[in-house]
Amino acid sequence: MFDNLSEKLDKALHVLKGHGSITEVNVAETLKEVRRALLDADVNFKIAKEFTNTVKEKALGQNVLTTLQPGQLMVKLVKDELTELMGGDAEGINLSGNPSIILMSGLQGSGKTTFSGKLANFLKTKKAKKPLLVACDVYRPAAINQLHVVGDQIGVEVFSDEGNKNPVQIAQNAIAHAKQNGHNVVIIDTAGRLAVDEEMMNEISNVYKAVDPQETLFVVDAMTGQDAVNTAKAFNDRLNFDGVVLTKLDGDTRGGAAISIKSVVNKPIKFIGTGEKMDAIDVFYPNRMADRILG
Ligand code: GDP
């Protein structure tokens, strides 16, 4: 997970770590390497530039050159900024509704259905909730089937209505079913397309308006490059989503595009997916991830 970025940042900062005193040239060179490491990890160009500018300003502001352990201070400044880049303080999800409605959005293949199952399992086992999973993909019977397989695996009921081609109606029927049967969380898995298109956006925004979710999550495959940022923007413009889910962080991913999303749409990363199994889900803590990346 972010191994490449971690390795490169470590290399960039290594030079400073052992130094009792450093020069302005050391700082400038290090920041250049830090920027290169971020760009190599696919962090958006503008964001990488702002990142190093901020660290530089803070270093000057704190008179880094005259402090006792300037190397350590620089590492701390980079770590703080990395935490900020990935989202600052961790934020949970809003479960205040009765039932709480969680709408999943994202492109096809991003990992929405898998994550819907993981989240249901997480809420059931860790938060003692009784979730209902809802199959709102009216185009792909295979997707509905897939959600049923997931539901069976984790012992969570799945609501579907195969003949119905109206996702708004399916979602509303599912919520009524949840109320009647004591489900306190409803997770709506929506249809995804391979690319953002108007029809898909209209459809999901109609579901969004009709069910008024407590929480709308945007699911994105961490392996996607800079396109991930544009996709996030398009979804956020229509849904004003509450948080991001980064999936497939177990792969050999550069991941920088995905962590750029936070800066572009100003929404926190809330969860990460780290595998295909139902327990491969983690709440995302930016400070812990920054610690991990910077060793
Ligand atoms: P959807 O079209 O958005 O619903 O995506 P799916 O949930 O069907 O996931 C697409 C593929 O990605 C499937 O083969 C999943 O098993 C896989 N997948 C989903 N999440 C993860 C993850 O966190 N790690 C890995 N390695 N694979 C994942």
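Sequence order sets the numbering: in each chain, residues are counted from 1 along the sequence as written. For this predicted model, a pLDDT threshold of at least 70 governs which residues receive local features, and a threshold of 80 or more governs which side-chain atom pairs are given and counted, while totals over whole chains, interfaces and linings are taken from all residues. Values shown for side chains rest on all heavy atoms present in the structure; no hydrogens or waters enter the calculation.

Asker: Is there a simple way to explain the UniProt feature "domain: SRP54-type proteins GTP-binding" (unreviewed entry) in the protein chain in this structure?
Answerer: Here the UniProt-annotated "domain: SRP54-type proteins GTP-binding" (unreviewed entry) positions come out as residues 268–281. Only DSSP runs of H or I with at least four residues qualify as helices, and only runs of E with at least two residues qualify as strands; both kinds are numbered from the N terminus onward. As annotated, residues 268–281 comprises 0% helix and 43% strand, and the C-alpha atoms at either end are separated by 16 Å. UniProt positions are given in the numbering used here, feature names are shortened, and annotations may be inferred rather than shown by experiment.

Asker: It is not clear to me how the nonpolar core should be interpreted in this structure. Could you clarify?
Answerer: Most often, soluble globular proteins have nonpolar side chains that are buried together. Counting residues in each nonpolar core, the largest one holds 71 residues, and the members touching the most others are Met74, Leu82, Val134, Ile188, Leu246, Ile259 and Ile261. A total of eight residues in this core trace back to one element, the largest contributor, which is helix 4 (residues 70–86). Setting aside residues no more than four positions away along its own chain, valine 134 makes contact with Leu147, Phe159, Ile170, Ala174, Val186, Ile187, Ile188 and Asp189. Listed in part, the 24 residues of the second largest apolar core include Ala135, Val150, Val156 and Val219. What makes a nonpolar core is a set of buried Ala, Val, Leu, Ile, Met, Phe, Trp, Tyr and Cys residues whose side-chain atoms join them at distances within 4.5 Å. Throughout this description, buried means an accessible area under 20% of the type-specific maximum (1.4 Å probe, protein chains only), exposed means over 50%, and partly exposed covers the range between. Whether two residues are in contact is decided by their heavy atoms, any of which lying within 4.5 Å being enough.

Asker: How do you make sense of the pairing of strand 7 (residues 269–273) when you look at a structure like this?
Answerer: Put simply, side chains in a regular strand alternate between the two faces of the sheet. Among the five residues of strand 7, five are classified as buried, and the element is accordingly described as predominantly covered. Note: two strands are recorded as paired if DSSP finds a minimum of 2 bridges between them. Sheet topology note: the strand 6 (residues 243–247)/strand 7 ladder contains three bridges and is parallel. Pairing of valine 245 across the sheet is with phenylalanine 271, part of strand 7. As judged from the three bridges shared by strand 7 and strand 8 (residues 281–283), these two strands associate in the antiparallel manner.

Asker: Looking at this structure, how should I read the packing of helix 4 against helix 10 (residues 256–265)?
Answerer: A pair of packed helices is characterised by two quantities: the angle between their axes and the separation of those axes. In this analysis, axes come from line fits to C-alpha atoms, helices being fitted only over the stretch in contact, and the angle between any two N-to-C directions falls in the range 0 to 180 degrees. Relative to each other, helix 4 and helix 10 sit at 75°, their axes nearing to 7 Å. The orientation of helix 4 with respect to helix 10, classified from their angle, is roughly perpendicular. Taking contact as the criterion, the partners of Glu84, Leu85 and Met86 in helix 4 are, on helix 10, Ile259, Lys262 and Ser263. Gly is put with the polar residues, along with every residue not named as nonpolar or charged; the nonpolar set is Ala, Val, Leu, Ile, Met, Phe, Trp, Tyr, Cys and Pro, and the charged set is Asp, Glu, Lys and Arg. Partitioned by chemical class, the residues of the contact of helix 4 with helix 10 number three nonpolar, one polar and two charged. Throughout this description, any angle smaller than 35 degrees is read as roughly parallel, any larger than 145 degrees as roughly antiparallel, any in the 65 to 115 degree range as roughly perpendicular, and the remainder as oblique.

Asker: Looking at this model, I keep getting lost on the packing of helix 2 (residues 24–40) against helix 3 (residues 45–61). Mind explaining?
Answerer: Closest axis-to-axis distance for the helix 2/helix 3 pair is 9 Å, and the angle between their directions is 150°. Accordingly, the angle class assigned to the pair helix 2 and helix 3 is roughly antiparallel. Between helix 2 and helix 3 lies a crossing whose hand is right-handed. Between helix 2 and helix 3, the contacting residues are Leu31, Val34, Arg35, Leu38 and Leu39 on the first element and Phe45, Ala48, Lys49, Phe51, Thr52, Asn53, Val55 and Lys56 on the second. Taken together, the residues of the contact of helix 2 with helix 3 sort by class into eight nonpolar, two polar and three charged. Left-handed describes a crossing whose near helix is turned anticlockwise from the far helix by less than a right angle; the clockwise case is right-handed.

Asker: Help me understand the packing of aromatic side chains, please; the structure alone is not making it clear to me.
Answerer: Aromatic ring pairs are reported here in terms of the distance separating the ring centres and the angle at which the planes meet. Here the aromatic set is Phe, Tyr and Trp, taking the six-membered ring for Trp, and pairing holds for ring centres within 6.5 Å; pairs whose planes are under 30 degrees apart are stacked, those over 60 apart are edge-to-face, and all others are tilted. Counted by the stated rule, this structure contains four aromatic pairs. Pairing phenylalanine 115 with phenylalanine 271 gives two aromatic rings, centres 5.6 Å apart and planes at 55°, and the pair type is tilted. Taken together, the residues phenylalanine 115 in helix 5 (residues 112–127) and phenylalanine 271 in strand 7 connect sequence positions 156 residues apart. Classification of phenylalanine 271 by relative accessible area gives buried; the value is 3%. On the numbers, 5.7 Å between centres and 80° between planes, the contact of phenylalanine 122 with phenylalanine 271 is edge-to-face. Taken together, the positions of phenylalanine 122 in helix 5 and phenylalanine 271 in strand 7 put the pair 149 residues apart, joining distant regions of the chain. Taken individually, phenylalanine 122 and phenylalanine 271 each receive the classification buried, so the pair is uniform in this respect. Ring pairing ties together the aromatic residues Phe115, Phe122 and Phe271, which thus form one cluster. Should the NZ of a Lys or the CZ of an Arg lie within 6 Å of a ring centre and within 35 degrees of the ring normal, that charge is described as sitting over the ring. One Lys or Arg, lysine 267, reaches over the ring of phenylalanine 241 and ends 5.3 Å from the middle of that ring.

Asker: Even after reading the chapter, I still don't get helix 3, so can you show me in this structure?
Answerer: The periodicity of an α-helix, 3.6 residues per turn, causes residues three or four positions apart to be oriented the same way. Each residue after the first adds 1.5 Å to the expected span of a helix. When the terminal C-alpha atoms of helix 3 are compared, their 24 Å separation across 17 residues agrees well with the 24 Å that a helix rising 1.5 Å per residue should span. The complete set of buried residues in helix 3 reads Ile47, Ala48, Phe51, Thr52, Val55 and Ala59. Buried residues of helix 3, viewed axially, fall in a sector of 130°; they line one side. Pointing more than 90 degrees away from the buried face of helix 3 are the exposed residues Phe45, Lys46, Glu57, Leu60 and Gly61. This arc describes the spread of directions from the helix axis toward the C-beta atoms.

Asker: Looking at this structure, I do not really get the site of the ligand. What am I missing?
Answerer: Any residue with a non-hydrogen atom lying within 4 Å of a molecule or strand is treated as near it. Lining the immediate surroundings of the ligand are 16 residues, of which Gly109, Thr113, Thr114, Asp250 and Glu276 lie closest. The definition of a polar contact used here is a pair of N or O atoms within 3.5 Å, where within protein one atom must be able to donate a hydrogen and the other to accept one, and adjacent residues in sequence count solely through side-chain atom pairs. Contact between the ligand and glycine 109: an oxygen atom at 2.7 Å from a main-chain N or O atom of the residue. For every accessible area listed, the method is Shrake-Rupley and the probe measures 1.4 Å; residues are considered covered only by the protein chains on display. Protein coverage of the free-state accessible area of the ligand, which is 580 Å², stands at 79%. With four residues, helix 5 is the largest single contributor of residues to the shell around the ligand. Tallied by class, residues from the shell around the ligand come to one nonpolar, 10 polar and five charged.

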